[in-house]
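What the coordinates show
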Amino acid sequence: MSDPILFSVDDGLARLTLNRPTRLNAFNADLARAWRDVTTEATSRDDVKAILLDASGPAFCAGGDVLDMATTMGAGSDIADLAEVINVGIRALTQSAIPVVAAAHGTTAGGGLGILLCSDYAVVGGRSKIGSLYANIGLTPDLSVSAQLAAAVGQRRALQLVLQDRLLSAEEAQEWGLVAEVVSGADAADEADRVRERAEQVARFWLAGAAGAYGQAKRLVRSRPERTFAEQLDEEARSIGAAFETPDAKARVAAFAAASAKKAR
C-alpha cells in the first residue's frame, strides 16, 4: 500500500502530499495518524523553513471518509477521537513559526476546508470548488473550520457557507479572501501541475528571502487572538528586537544601510 501522506524535505522546503487519491484524499484512521506524525515532524525540524501542502489525484481533500465512517466507526466517540488525532497536526501547522502554502487543486470540502485553512497562503485551480457540506450528512464542522473560517472571511460569509449546500468557485473563494491566487490550466491535470508549481514558487520566495522573519510574521498574526491589544504590542516589540539580533537581519540591515548611503552621495 502507498503511504497515506508523502513527505520530503528539500533545501528547507517540506512537502506534505495527501495520498489517498481514489478516496479524494478523505481522512480515515491511517491518513489521520500519518497527518499527525508528518506535521509534527515537519514543524519540529530545524532544517524546515517553509511547508507546502498538496495532494495527489483529482481533488485536494474531501474531508472525512464517509464510507469509512459508516463501515468501521460504531459511535460518535470514534469520530471525535479521529478528529482529535487530526487536530494535533492542525495545531502543529498553525502554531508554528513556519509559513505554509497550500496547492489545492480540484475540490476541497468538509474537513478539507479546515486543512486548507491551516495554510497561510493558498493557491487553487480555476476549476476548484470549495465548501463546507457537513450538514448534507447531518454533521457539524470540525478540523478547525468553525475556529478559522470566520477569521478568514468574516462571520457573515462563514455562516453563508456552513448554512447552505454551497461550493464556492475559485473566483468566489479569492474574492472572499479565502485563497490568495487562482491558477488555470488547459485541462484538470495541467491545472493541478500549474497550481503545484505556483505554490512551490511562493515557498521558494520565502526561502530565498528572510525565511525566519516570514515565519515570525506568520506566528505574530496567527497568535494574535491569544493576546490583548497591549500584549500584542509588547510581543511585536519583543519579536522585532529578537529578529534584529539574528545574523540574517544584521546582514540585511547593513546591506540596506550601505545601499542607502551610496544613493545619498
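Check the entry above for the structure.
Let us look at the structure shown here. (Residues numbered from 1 in each chain as written. Predicted model: local features only at pLDDT ≥ 70, side-chain atom pairs only at ≥ 80, totals over all residues. Heavy atoms only, no water.)

To continue, consider the overall build of the chain. Counting secondary structure elements, the chain contains eleven helices and nine strands. A globule of 265 residues ought to have a C-alpha radius of gyration of about 18 Å, and the chain, at 20 Å, matches this closely. By principal-axis analysis of the C-alpha atoms, the chain measures approximately 70 × 45 × 35 Å. Classification of the 265 residues of the chain by burial places 43% in the buried group. Of the contacts formed within the chain by residues at least 6 apart in sequence, a portion of 69% connects residues at least 24 apart. Element-wise, carbon and sulfur atoms account for 55% of the exposed surface of the chain, whose accessible area totals about 13,300 Å². One way to put it: in the chain the 28 positive side-chain charges average out to a point 6 Å from where the 34 negative ones average out. (Helix = DSSP H or I, 4+ residues; strand = E, 2+ residues; numbered from the N terminus. Rg over C-alpha atoms; globule rule 2.2 N^0.38 Å. Buried < 20%, exposed > 50% of the residue type's maximum accessible area, 1.4 Å probe, protein only. Contact = heavy atoms within 4.5 Å. Areas by Shrake-Rupley, 256 points an atom, 1.4 Å probe, with all protein chains shown as cover. Lys, Arg positive; Asp, Glu negative; His and termini not counted. Charge placed at Lys NZ, Arg CZ, Asp CG, Glu CD.)

A rise of 1.5 Å per residue sets the reference length of helix H3 (residues 76-95), with its 20 residues, at 28 Å; its end C-alpha atoms lie 28 Å apart and thus fit the reference within 8%. Buried within H3 we find Leu82, Ala83, Ile86, Asn87, Gly89, Ile90, Ala92, Leu93 and Thr94. Taken together, the buried residues of H3 touch helix H1 (29-44), strand E3 (50-55), strand E4 (100-104), helix H4 (111-117), helix H5 (145-153) and helix H9 (211-223). (Expected span 1.5 Å × (residues − 1).)

For Ser169, the position within the fold is in strand E8 (residues 167-169). A relative accessible area of 16% places Ser169 in the buried class. Setting aside residues up to four positions removed in sequence, Ser169 forms contacts with Ser128 and Lys129.

On to the pairing of E3. For E3, the tally of buried residues reaches six of six residues, placing the bulk of the element in the interior. Two strands pair when backbone bridges link them, and strand E2 (residues 13-18) and E3 are joined in this way by six bridges, in the parallel orientation. Looking across to E3, one finds that Ala14 is bridged to Ile51. Note that the unit made of E2, H1 and E3 has a crossover that is right-handed. Pairing of E3 with E4 involves three bridges; the strand directions are parallel. Bridged to Leu53 within E4 is Ala102. (Pairing = 2+ DSSP bridges. Right-handed = clockwise from strand over helix to strand, strands pointing away.)

Within the largest apolar cluster, 49 residues are counted, with the highest numbers of intra-cluster contacts made by Trp35, Ile51 and Leu178. Sort the elements by how many residues they give to this core and H1 lands first, with six residues. Aside from chain neighbours lying at most four places away, what touches Leu178 is Leu113, Leu117, Ala122, Ile130, Leu149, Ala152, Val153, Leu168 and Ala173. One finds Ala50, Leu52, Val123 and Val195 within the second-largest nonpolar core, a separate group that totals twelve residues. (Core = buried A, V, L, I, M, F, W, Y, C linked by side-chain atoms within 4.5 Å.)

Positive phi values are uncommon outside glycine, yet Leu133 reaches one of about 65 degrees. A positive phi is found at Ser144, a non-glycine position, where the angle reads about 85 degrees. Ser144 sits in the buried class, given a relative accessible area of 15%.

Now for a nonpolar patch on the surface. Taken together, the side chains of Val66, Ile137 and Leu139 make up a nonpolar region of the molecular surface, amounting to roughly 230 Å² of accessible area. The topology assignment puts Val66 in helix H2 (residues 66-72). (Patch = residues over 30% accessible without salt bridge, like charges linked within 9 Å, V, L, I, M, F, W, Y side chains within 5 Å. Salt bridge = Lys/Arg side-chain N within 4 Å of Asp/Glu carboxyl O.)

Another aspect to go through is the sheet that holds strand E7 (residues 129-131). Backbone-to-backbone hydrogen bonds pair the strands of a sheet. The strands run either parallel or antiparallel. The sheet built from three strands is open, its strands ordered E5-E7-E8 with mixed pairing. Since the sheet does not close on itself, it has two edges, and those belong to strand E5 (107-108) and E8, each with one partner. Note that E5 and E7 share two bridges and pair parallel. Directly across from Thr108, in E7, lies its bridge partner Ile130.

Turning our attention to the pairing of strand E1 (residues 5-10). The sheet contact formed by E1 and E2 spans six bridges and is antiparallel. Residue Ile5 lies in a different strand from E2, and its bridge partner there is Leu18. Counted along the chain from E1 to the antiparallel partner E2, the turn is two residues long, and its residue Asp11 has a positive phi close to 50 degrees.

We now examine the environment of Gly111. Along the chain, Gly111 falls in helix H4. Once the C-alpha coordinates of Gly111 and Gly64 are considered, the two residues, 47 residues apart in sequence, prove to be 6.2 Å apart. Residues contacting Gly111, with those up to four places away along its chain left out, are Gly63, Tyr134, Asp142 and Leu143.

Limitation: the analysis is restricted to geometry and does not speak to function.
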